[in-house]
Amino acid sequence: MTPAAIRAAPSSSSVIWMSPDTAASAPLADPRPTAAPAPSPGEQGAPAFDLWAHSRRALDWPVLLERLAGHAHTIPGAEAARNLRLAAELDEVQRAYAEVQELEALAALLERPPMGGIVDCAPLLSRLDRGGLLDLPELRELVGVVLALDRLGGWLRELGEAQPTLAARGPRFCIEAELIKLLSVAFDELGELSSRAFPELGRLRQRCAQLEAQIRDMLEEYLRDEAFGQHLQDRFITEREGRFVLPMKVSAPRALGIVHATSQTGETVFMEPAAVVVRSNLLREARFAVEREVRRIIAELCGRLGAALPQITDALDEALAVDLALCRQGLGRELEGVIPEVRRGGVMRLRQARHPVLVLRGVDVVANDLRLDGRQPGLILTGPNTGGKTVAMKTLGLMALLVRAGVPLPAAEGCRVDLFDRVVADVGDLQDVSGDLSTFSGHVRVLKAALAAAGPHSLILLDEAGVGTDPAQGAAIARAALEALIGAGGRVCATTHYAEVKALSAADPRFGIAAAQYAHGRPTYRMEPGHIGQSHAFSIARQLALPEPVVTRARELLDEGTRQLGDLTEALEAAQAEARLAAARLDAQAEALAQREKRLERKEKEVAHRKQQLEQEVAKNFARRLKDREEEVKGLIAALQERPDLSLAGRSLKQIRDIQEELRTPPPAPPPPEPEPTPLVVGERVHLRTLDRVGEVAAILPKDRYELTVGGLRLKLPREELLRLDGRGRPIPAPVREARPAPAPAPAAAPAAPLIHKAPQVDHKELQGLRMDANTLDLRGVRVDEALAMAADFLDRLALTGLPVAFLLHGHGTGALKKAVRDWLPTCGYADAWRPCYPGEGGDAYTIVGLR
């Protein structure tokens, strides 16, 4: 494989291995070569005209490519994005958009492709292809790239059916598994060749380490020797020329060893003692052996990598394609873009399209609907200067290029932008003194090239066609050129101020027309399909601060008929604009009312559903309570069989009948929903509660929010933050909502339901109850103060359960506890009545308490 073959890009989505000159010269709008028109006699000797480069600059396409490159994760990816080759086939575009969608889905799961470690290694691969060797740092870098490619390939292969387009790239990372296994252990954590992976290298390194240790031990003995120490300049061990030496005084006898170096001052010599020379020689030989083994391993690894060069290059191309997909996804997210429908029918149907470069600059762009198709292949944009005609036209061109780049469009859902092989744009002035080009001749030169390039699947954009010469003749040339471009099968959009060109829409059904809206004395930057716009030259000149005497004199120079016609036309256009704005406000208000009606309908359904849920919950709670009481009555009947008490059983059965009757009673209806504030309309002046300022509604947003202009600011606020103004401009207070009590919580299932209904202030003889463990408290053996505290806590808990009576066991004893309890009961707040228990209930040792 030759270096040129390595640089060639087999992948349709990459140009990274293409030389910069070749990539830069790749045509923007058409990858297929197109014969340039022959130069006219007046152009002989003029420099060649690059239509594609001119169109690229005219549309600010390099700005978008630079922003695209900013989303790259690798340097090769950024370079490929700057020199992006646009898709030429429909399946390429569809595959690019599919990858963007899959990356978006992965990003929602916080998943990103592992792009770390992939760097530009083309020079290293080229050297390996020529049979050359890499040094150790270069080899380490290339091994890191190969392992990073293997990680990326593994990640792609694991994606599976959820991301089929990305997963299809995984199998193309087919570097030999044995090579990956070897490379993964080839280097240790210090970046050196691993002694574990290469045992012979490890043995040689261990031999060197042993010899170094022996030499250091011998030199340490010299440092400790007193006789030798008198010749030492300092006490440390260092290296010179790869041999271990000691710093000696210059006066030291040379017989002590070999001098390998001296200090800069000449006061110190670095001497290798004679006794270590032999071991130093052995160490030097061992180090040479290590170097030979390292070179052998490097050669082996380079050979393995060279053999795998085709697979590595393929993997790099696939990694580059993934990085470009990440660029597309990142730019699409930055543009808040959508993926359009793409076909081959020459249709461009844009909904709420925004100029992408202006979006990236943070400009609050006015969105527009634009259309070109088989029924209307031409579109004439009219209206005042600075009104947004050129921006709208360039939006068409940039959308066509973004589709071929596979980038989501800054527009609303429901767009269709078909594949255009050629996008030609003539925007700006080609005047060039050095090239003998006037304004008119420059435009004619582009128009000539555009006519040669026109055909099916071509998009031609002409700004102010025919300007720079006599208006009548320029308008005729513009009209003839537009007819010829449409006749060749292309799609054409042109801006103009010429009445003759505007008239095309009336004379030729193939041409549509739109006007840049002009209202309240200024352009709104909104294109109005089906309307013809005036130039408003005098108004625009005043806004741009042209001296008033000049503007007044200019009006005077017009003949009376022309001036009156212009005034009437502008007045009519202003009235139409006002009417359309009013209609838009009414439409917005109708939309707001429709949305409010939908919200009310939805809330009514929610309330009905919630009512049904509450009814079911109440019924379930009552049924559960009934079942609990039935079980309790069964226990009472069993107790009554041992000691009959028909009156108690009768009261229990009556309570069950009461509960059954309660179940038949429907639950209370839920409260009606709170009234919502009435919607506002565009242009209405309102009071901002938070800022205490007055603003104007500029747009109606979803979810009952509004965009407002306050001074020079634009704010987005919810409806509840805004108050209407009365006739005097004062805020109308919001209606006060009635405070409704919080709904009572659903009754919780109690462990025991009341068996005896409490009668207020009943005679103590009528106090009846069944003594059980659950309603009995034993106070025997407890001091009075503790007993009263226990009784209060017990009665409090029992009152919450709903039991009607409690039994306090105080015993007889001295009678002090009994007296204290019965004296306390009338003051405790829990007792409705009380009495000593009858002998059948336990006798005077108990006190029965009727609970409130």
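Residues numbered from 1 in each chain as written. Predicted model: local features only at pLDDT ≥ 70, side-chain atom pairs only at ≥ 80, totals over all residues. Heavy atoms only, no water.

Visitor: Please clarify how the overall build of the protein should be interpreted in this entry.
Guide: Counting secondary structure elements, the protein contains 26 helices and 22 strands. For the protein, with 852 residues in total, the buried portion stands at 43%. Sequence separation of at least 24 residues holds for 68% of the intrachain contacts in the protein that already meet a minimum separation of 6. Accessible area for the protein stands at about 44200 Å²; split by element, carbon and sulfur atoms hold 55% of it. (Helix = DSSP H or I, 4+ residues; strand = E, 2+ residues; numbered from the N terminus. Buried < 20%, exposed > 50% of the residue type's maximum accessible area, 1.4 Å probe, protein only. Contact = heavy atoms within 4.5 Å. Areas by Shrake-Rupley, 256 points an atom, 1.4 Å probe, with all protein chains shown as cover.)

Visitor: Even after reading the chapter, I still don't get unusual backbone geometry, so can you show me in this structure?
Guide: Both trends apply: most residues other than glycine have a negative phi, and most peptide bonds are in trans. Its identity as a non-glycine residue notwithstanding, Glu336 has a phi of 55 degrees, on the positive side. Positive phi is not limited to glycine here, since His457 has a value of about 65 degrees. Within the element layout of this structure, His457 appears in the loop between α17 (439-453) and β10 (458-463).

Visitor: Teacher, can you tell me more about the packing of helix α11 (residues 199-224) against helix α13 (residues 277-307) here?
Guide: Helix packing for two helices is described by the angle between their axes and how far apart those axes are. Taken N-terminus to C-terminus, the directions of α11 and α13 make an angle of 160 degrees; their axes are 9 Å apart at the nearest point. Of the possible angle classes, the one that applies to α11 and α13 is roughly antiparallel. You can see that α11 and α13 cross each other, and the crossing is left-handed. On α13, the residues that touch Glu200, Leu201, Leu204, Arg205, Arg207, Cys208, Leu211, Glu212, Gln214, Ile215 and Met218 of α11 are Arg279, Ser280, Leu282, Leu283, Ala286, Arg287, Ala289, Val290, Glu293, Val294 and Ile297. Of the residues contributing to the contact of α11 with α13, the split by class is 13 nonpolar, two polar and seven charged. (Axes fitted to C-alpha atoms, helices over the stretch in contact; angles between N-to-C directions. Parallel < 35°, antiparallel > 145°, perpendicular 65-115°, else oblique. Left-handed = near helix turned anticlockwise from the far one by under 90°. Nonpolar A, V, L, I, M, F, W, Y, C, P; charged D, E, K, R; others polar.)

Visitor: Please clarify how helix α7 (residues 122-129) should be interpreted in this entry.
Guide: The periodicity of an α-helix, 3.6 residues per turn, causes residues three or four positions apart to be oriented the same way. Most of α7 sits inside the fold, with six of its eight residues counted as buried. Listing the buried residues of α7 in full gives Ala122, Leu124, Leu125, Ser126, Leu128 and Asp129. Downstream of α7 by one or two residues, Gly131 has phi in the positive range, about 90 degrees.

Visitor: Which parts of the structure should I look at to understand the sheet that holds strand β21 (residues 831-836)?
Guide: The strands that make up a sheet are held in pairs by hydrogen bonds between backbone atoms, and each pair lies either parallel or antiparallel. The four strands lie next to each other as β19-β20-β22-β21, forming an open sheet whose pairing is mixed. Two strands bound the open sheet, and with one partner strand each, they are β19 (776-778) and β21. Averaged over all adjacent pairs, the angle separating strand axes in this sheet is 20 degrees, with direction ignored. Relative to strand β22 (residues 846-851), strand β20 (residues 805-809) runs antiparallel, the two sharing five bridges. Its bridge partner lying in β22, Val805 is registered against Gly850. Packing against the sheet, helix α26 (residues 816-828) makes contact with β20, β21 and β22, and its axis sits at approximately 160 degrees to β21. (Pairing = 2+ DSSP bridges.)

Visitor: It is not clear to me how the pattern of salt bridges should be interpreted in this structure. Could you clarify?
Guide: Proximity of charged atoms lets side chains of opposite charge pair with each other. Summed over the entire model, instances satisfying the criterion amount to 30 salt bridges. Of the charged contacts in the structure, one is a salt bridge between Arg344 and Asp421, with a shortest N-O distance of 3.1 Å. Taken together, the residues Arg344 in the loop between α14 (309-334) and β5 (348-353) and Asp421 in the loop between β8 (416-417) and β9 (422-426) connect sequence positions 77 residues apart. For Arg344, a relative accessible area of 29% puts it in the partly exposed group. When its relative accessible area of 7% is taken as the criterion, Asp421 is described as buried. Ionic contacts of the salt-bridge type, sharing partners, join the residues Glu99, Arg169, Arg172 and Glu318 into one network. (Salt bridge = Lys/Arg side-chain N within 4 Å of Asp/Glu carboxyl O.)

Visitor: Is there a simple way to explain the nonpolar core in this structure?
Guide: Soluble globular proteins tend to bury their nonpolar side chains together. In this structure, Leu139, Leu142, Leu149, Leu193, Leu301, Leu305 and Ile312 are the most contacted members of the largest nonpolar core, which totals 71 residues. With twelve residues, the top contributor of residues to this core is helix α8 (residues 136-157). Apart from the residues lying within four places of it in its own chain, the contact partners of Leu301 are Leu139, Leu182, Leu183, Ala186, Leu193 and Phe198. Leu402, Leu409, Ala411 and Cys415 belong to the second-largest nonpolar core, a separate cluster that totals 59 residues. (Core = buried A, V, L, I, M, F, W, Y, C linked by side-chain atoms within 4.5 Å.)

Visitor: Honestly, the confidence of the model for the protein in this entry has me stumped. Any pointers?
Guide: The predicted structure's coordinates, where accompanied by low pLDDT, should not be read in detail. Per-residue confidence for the protein averages 80 on the pLDDT scale, and 76% of its residues sit at or above 70. Taken together, the stretch residues 736-765 has pLDDT below 50 and engages in 47 contacts with residues farther than four places along the chain or on a different chain. (pLDDT = per-residue confidence, 0-100.)

Visitor: Just to check I follow, could you spell out the packing of aromatic side chains for this structure?
Guide: Given two aromatic rings, their pairing is described by the distance between the two centres and the angle made by the two planes. Under the counting rule described, the total for this entry stands at one aromatic pair. A cation over an aromatic ring shows up here: Arg240 above the ring of Phe270, its NZ or CZ 4.1 Å from the ring centre. The positively charged end of Arg835 is found above the aromatic ring belonging to Tyr838, 3.9 Å away from the centroid. (Phe/Tyr/Trp six-rings, centres within 6.5 Å; stacked < 30°, edge-to-face > 60°. Lys NZ or Arg CZ within 6 Å of the ring centre and 35° of its normal.)

Visitor: Is there a simple way to think about the sheet that holds strand β4 (residues 268-273) in this case?
Guide: Reading across from one edge, β1-β2-β4-β3 is the order of the four strands in this open sheet, with antiparallel pairing throughout. The open sheet has two edge strands, β1 (238-240) and β3 (257-262), and neither has a second partner. Neighbour to neighbour, the strand axes of the sheet diverge by 55 degrees on average, direction disregarded. Sheet topology note: the β1/strand β2 (residues 243-249) ladder contains three bridges and is antiparallel. Across the sheet, residue Thr238 finds its bridge partner in β2, namely Val245. Set on the sheet, α11 makes contact with β2 and β4; between it and β2 the angle comes to about 15 degrees. Helix-sheet contacts for α13 involve β1, β2, β3 and β4, and the interaxial angle to β2 is about 140 degrees.

Visitor: Can you walk me through helix α18 (residues 471-487) in this structure?
Guide: Taking 1.5 Å of rise per residue, the 17 residues of α18 would be expected to cover 24 Å, and the 24 Å separating its terminal C-alpha atoms lies within 8% of that figure. Turning to α18, its buried residues number three or more, namely Gly474, Ala475, Ala478, Ala481, Leu482, Leu485 and Ile486. All buried residues of α18 lie within an arc of 130 degrees about the axis, which places them on one face of the element. In α18, the exposed positions that point more than 90 degrees away from the buried face belong to Gln473 and Gly487. Where α18 ends, the next residue or the one after it, Gly489, has phi of about 100 degrees, a positive value. (Expected span 1.5 Å × (residues − 1). Arc of directions from axis to C-beta.)

Visitor: Any chance you could explain the packing of α8 against α13 here in plain terms?
Guide: Contact geometry for α8 and α13: axes closest at 11 Å, N-to-C directions at 40 degrees. Here α8 and α13 pass one another in a crossing that is left-handed. Facing α8, whose interface residues are Leu136, Leu139, Leu142 and Val146, α13 presents Ile298, Leu301, Cys302 and Leu305. By residue class, the composition of the contact of α8 with α13 is eight nonpolar, no polar and no charged.

Visitor: Any chance you could explain the side chain of Glu272 here in plain terms?
Guide: As for its placement among the helices and strands, Glu272 is situated in strand β4. Exposure remark for Glu272: the relative accessible area of 0% places this residue in the buried category. Here His260 takes part through its side chain, which lies 2.7 Å from a polar atom of the side chain of Glu272. Beyond its immediate chain neighbours, meaning those up to four positions away, Glu272 contacts Arg243, Phe244, Val245, Leu256, Gly257, Ile258, His260, Val277 and Ser280. (Polar contact = N/O pair within 3.5 Å; in protein donor to acceptor, adjacent residues only side chain to side chain.)

Visitor: Would you mind showing me how to read the pairing of β5 here?
Guide: In the case of a regular strand, side chains alternate between the two sheet surfaces. Sheet topology places β5 next to strand β6 (residues 368-372); four bridges connect them, and they run antiparallel. Looking at β6, one finds that Leu350 is bridged to Leu370. Note: β5 against β8, two bridges, orientation antiparallel. Looking at β8, one finds that Met348 is bridged to Val417.

Visitor: Whenever I open this one, the environment of Ala465 confuses me. Can you help?
Guide: Along the chain, the position of Ala465 falls in the loop between β10 and α18. Of the residues examined, Ala465 reaches a relative accessible area of 15% and is grouped as buried. For Ala465 and Val501, which are 36 residues apart along the polypeptide, the C-alpha to C-alpha distance reads 9.3 Å. If near-sequence neighbours (up to four positions away) are discounted, Ala465 is found in contact with Gly474, Ala478, Thr495 and Tyr498.

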